[in-house]
Amino acid sequence: MHAKGNVVGVFSRSAGRGDDAADRALQLVLASLEDSKAEDIVTINIAGKSALGDYMVVVSGRSNRHVMAIADHLITDLKDEGLGNARVEGLEAGDWVLIDTGDIIIHVFRPEVREFYNIERMWAAPEIEDGTVH
């Protein structure tokens, strides 16, 4: 797992998972984000917890321009590696850019927007077992 900066929550790798395409793509994503000087990088393993993908990566950029630059750089790196079918939303505004590769969902936030939505906390919530709901 990868974590840089202040980490709200990071889930460990699922038992029994091998090195597959999602893991290799995750390494590419993390290298691109580090190269772009993304801040507070948090990787959350959502395999088996959600049908959305295998990993969620949440990062911050210092400003709208930095957020857009991080996203542009990542999109270019994904295309260069043959993973260019990612869906992208929010690139025009630069407050919150969502990049969905299928296996990995990347959220690039301005710090204030990240704090407001607090996605890491949502995924860090303990799972509710049957019979414990009041």
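In what follows, the accompanying structure is described. Remember, predicted model here, so these are calculated numbers, not experimental data. (Residues numbered from 1 in each chain as written. Predicted model: local features only at pLDDT ≥ 70, side-chain atom pairs only at ≥ 80, totals over all residues. Heavy atoms only, no water.)

### Description of the sheet that holds strand E2 (residues 55-60)
Argument step 1. Overall, mixed pairing links the 5 strands, which are arranged E1-E2-E5-E4-E3 in an open sheet. Pairing within the sheet leaves two strands with one partner each, and these edge strands are strand E1 (39-45) and strand E3 (87-89). Each neighbouring strand pair of the sheet contributes to a mean axis angle of 10°, computed without reference to strand direction.
Argument step 2. Pairing geometry for strand E4 (residues 96-100) and strand E5 (residues 104-109), over 5 bridges, is antiparallel. Within E5, the position partnered with Trp-96 by the bridge is Phe-109.
Argument step 3. Contacting E2, E3, E4 and E5, helix H2 (residues 64-80) runs over the sheet at an angle of about 10° to E4. (Pairing = 2+ DSSP bridges. Helix = DSSP H or I, 4+ residues; strand = E, 2+ residues; numbered from the N terminus. Axes fitted to C-alpha atoms, helices over the stretch in contact; angles between N-to-C directions. Contact = heavy atoms within 4.5 Å.)

### Thoughts on the environment of Asp-40
Argument step 1. The residue Asp-40 is located in strand E1 in this model.
Argument step 2. Since its relative accessible area comes to 26%, Asp-40 is described here as partly exposed.
Argument step 3. Distance in space between the C-alpha atoms of Asp-40 and Ser-60 is 6.1 Å, their sequence separation being 20 residues. (Buried < 20%, exposed > 50% of the residue type's maximum accessible area, 1.4 Å probe, protein only.)

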